[in-house]
Protein chains: 2
Amino acid sequence: MLPEPVSRILLIDDHRLFNDALKSLLNEQPDLTICGQVFKASDAIHAVHRSSPHLILMDINLQGSNGIDLGKAIVSDYPTVRIIMLTMYNQPKLLDETRRAGLHGYLLKDAGTTELLRAIRDVLGGTTSFDTSVSSSPTPTDDPFGDRFASRLNLTFREVEIIALIREGLSNEQIADRIHLSPETVKTHRKNIHFKLGISKVTELVQFAIKNGI
Amino acid sequence: MLPEPVSRILLIDDHRLFNDALKSLLNEQPDLTICGQVFKASDAIHAVHRSSPHLILMDINLQGSNGIDLGKAIVSDYPTVRIIMLTMYNQPKLLDETRRAGLHGYLLKDAGTTELLRAIRDVLGGTTSFDTSVSSSPTPTDDPFGDRFASRLNLTFREVEIIALIREGLSNEQIADRIHLSPETVKTHRKNIHFKLGISKVTELVQFAIKNGI
DNA sequence: CCTACCATACCGTCTTCGGGGTATTTTTTA
DNA sequence: TAAAAAATACCCCGAAGACGGTATGGTAGG
């Protein structure tokens, strides 16, 4: 019997438990092997160099630093490596960014095992895999981010998106650049957010965001 | 050979992938079995009734609704059930709440597999398991240096104190009033904090504070 | 005694934020 | 199709923060 070709996968995610658990999940697949796991963005490049993976599964939120930028950096150095971004947040903008960055997949962490394995095999097979449930979110008010607080507080899609960016530490100007808006518009959204949440300071906003996992 | 006693575990977490992965991780343990997984808080009680688990692993952030409250509700209905809360955030406040709610464990998601298994076995064995890396600061205001971050970053007592007040959402003026300083002095401390942490914005500071449980 | 460090305090300048408006276009929904 | 909601954008102004200095009194350690 011919030896089955095995694909090496590198995990990059600062949630150790998730990482470990994923590892054990993938170990059940005979044709997939974990060649490493990394918890910090700063260790990533080194790990890629050492383990030369075929595929990287990477969280988009790597403690402050942007997973997409890291992914871009990796593919520019190692063009044969394929990368799937994992994220908790259902944001078409992030999906678009991922696609535009030339990465190969985008999957929500609340996807099922089946979806994950299919995405992995698709991407290893040379195609891309972008979670369709993200781009085709039919009614934003129904369940835009899988979170209930948004509808409870009547937050719109745009507002939640901007909260997330404020939480990341971006200024109005930077947010405007990132999502292609006028800084004035960002200010308007921000005022509405403050009104809806009944707050008046960035600090309160960041605490709200973290509390609600934005 | 006597049949090994097997403990039934119920997973409650809205991150499906994490859930699945955890499942596969735990399946490697012969004495632990997953009796169910639930993604929404609203399904939890029903699942507990149906599968009567010995132990519940539960995310503290269940899409908007509070995992601690849910846990409290469960133990009041099913007093023999034991519950470990999982969370991404290193907040002594949450740990305390968990403990006061009469729940049995608190574990960070960036803990390792070993910690998880030990926590599970401890809690099943009748003791509680509260992540010491969170609670290790028994008196945060008294001794912020018990935590490594303060000494690691060369933060002084005053600086840690001011970080906490900034996190609370106070302005320089309010902080000055609170601890009887000139607002200008607060600004100076603030500059030094920014320098030591390598940051430049309040938002980053708040995130640092929450991450380190200040 | 000298050095290092901490806590204290002030000054000036520039940027960003907060809060008050108003208004247009697009999308959604009733 | 009309009304409502969301997203876009601009104006002004005052408050607060960010960042560059400088300086002084106290205290601990070599």
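Scope of this entry: the structure provided in the associated data block. Within each chain, residues carry numbers counting from 1 in the order of the written sequence. Whichever chain is written first becomes A and whichever ligand is written first becomes 1, with later ones labelled in order. Only residues with pLDDT of 70 or above have their local features reported here, since the model is predicted, and side-chain atom pairs are shown and tallied only from 80 upward, although totals for entire chains, interfaces and linings are computed over all residues. Side-chain measures were taken over the full set of non-hydrogen atoms in the model, leaving aside hydrogen atoms and water.

### A closer look at the sheet that holds strand β7 (residues 105-108) of chain B
Read from one edge of the open sheet, 6 strands run β2-β1-β3-β6-β7-β8 (chain B), paired in parallel fashion. Of all strands in the sheet, those with a lone pairing partner are β2 (32-38) and β8 (129-130) of chain B, marking the two edges. Strand pairing follows a simple DSSP-based rule, namely that at least 2 bridges must link the two strands. Runs of H or I in DSSP of at least four residues are treated as helices and runs of E of at least two as strands, each being numbered from the N terminus.

### Concerning the protein's contact with DNA strand C
Being near a molecule or strand, for a residue, means having at least one of its heavy atoms within 4 Å of it. The full set close to DNA strand C counts 20 residues, and Lys187 and Lys191 of chain A together with Thr156, Arg158 and Ser182 of chain B are the nearest of them. Note that a phosphate oxygen of DNA strand C is positioned 3.2 Å from one of the backbone N or O atoms of Asn172 of chain A. We define a polar contact as two N or O atoms separated by no more than 3.5 Å, with the added condition that, inside protein, one atom must be a possible hydrogen donor and the other a possible acceptor, whereas residues neighbouring each other in sequence contribute only through side-chain atom pairs. Between a phosphate oxygen of DNA strand C and a side-chain N or O atom of Thr156 of chain B, the distance comes to 2.4 Å. Secondary structure elements with two or more residues in the surface near DNA strand C: α10 (183-197) of chain A together with α8 (157-167) and α10 (183-197) of chain B. Top element by residues in the surface near DNA strand C is α10 of chain B. It accounts for 5 residues.

### Overview of the packing of helix α8 (residues 157-167) of chain A against helix α11 (residues 202-211) of chain A
Geometrically, a packed helix pair is captured by the angle between its two axes and the distance between the axes. Residues and elements named next belong to chain A. For helices, the fitted line uses only the C-alpha atoms of the stretch in contact; every axis is such a line through C-alpha atoms, and the angle between N-to-C directions lies from 0 to 180 degrees. At a minimum axis separation of 9 Å, α8 and α11 run at an interaxial angle of 110°. The pairing of α8 with α11 is recorded here as roughly perpendicular in orientation. In this structure, α8 uses Ile163, Ile166 and Arg167 to contact α11, whose residues at the interface are Val202, Leu205, Val206, Phe208, Ala209 and Ile210. Just so you know the grouping, Ala, Val, Leu, Ile, Met, Phe, Trp, Tyr, Cys and Pro go in nonpolar, Asp, Glu, Lys and Arg go in charged, and all remaining residues, Gly too, go in polar. For the contact of α8 with α11, the residue count by class is 8 nonpolar, no polar and 1 charged. Each angle is binned into one of four classes, with values under 35 degrees roughly parallel, values over 145 roughly antiparallel, values of 65 to 115 roughly perpendicular, and all other values oblique. Here, residues are in contact when the closest pair of their heavy atoms is within 4.5 Å.

### Here we look at the interface of chain B and chain A
Contact residues are listed per partner, giving 36 residues for chain B and 39 residues for chain A. Roughly 3200 Å² is buried in total at the junction of chain B and chain A, and carbon and sulfur atoms are behind 61% of that figure. A pair is scored as a salt bridge if a Lys or Arg side-chain nitrogen falls within 4 Å of a carboxyl oxygen belonging to Asp or Glu. In this assembly, chain B and chain A are joined by 0 salt bridges. Where chain B packs against chain A, one counts 2 residue pairs in polar contact (both at pLDDT 80 or more). Those elements giving two or more residues to the side of chain B that touches chain A turn out to be α1 (16-26), α5 (113-124), α8 and α11 (202-211) of chain B. Of all the elements, α1 of chain B adds the most residues to the side of chain B that touches chain A, at 8 residues. Summed over both partners, the accessible area (1.4 Å probe) lost when two parts come together is defined as the buried area.

### So, the sheet that holds strand β8 (residues 129-130) of chain A
Residues and elements named next belong to chain A. Taken in spatial order, the 6 strands line up as β2-β1-β3-β6-β7-β8 in an open sheet, and their pairing is parallel. The open sheet is flanked by β2 (32-38) and β8, the only strands paired with a single partner. In the sheet, strand β6 (residues 82-87) pairs with strand β7 (residues 105-108) via 4 bridges, with the strands oriented parallel. Considered in β7, the bridge of Leu86 is made with Leu107.

### Thoughts on the pattern of salt bridges
Under the counting rule described, the total for this entry stands at 8 salt bridges over all chains. The partner of Asp31 of chain A in a salt bridge is Arg121 of chain A, with the nearest N and O atoms 2.8 Å apart. Taken together, the residues span a long stretch of sequence, with Asp31 of chain A in the loop between α1 (16-26) and β2 and Arg121 of chain A in helix α5 (residues 113-124) at a distance of 90 residues. Burial classes follow relative accessibility: with a 1.4 Å probe on protein chains only, a residue under 20% of its type's maximum area counts as buried, one over 50% as exposed, and anything between as partly exposed. Given the relative accessible area of 17%, Asp31 of chain A is considered buried. Residues Arg178 of chain B and Glu168 of chain B are paired through a salt bridge, measuring 3.5 Å at the closest nitrogen-oxygen approach. Residue Arg178 of chain B is located in helix α9 (residues 172-179), and its partner Glu168 of chain B is located in the loop between α8 and α9; the two are separated by 10 residues in the primary sequence.

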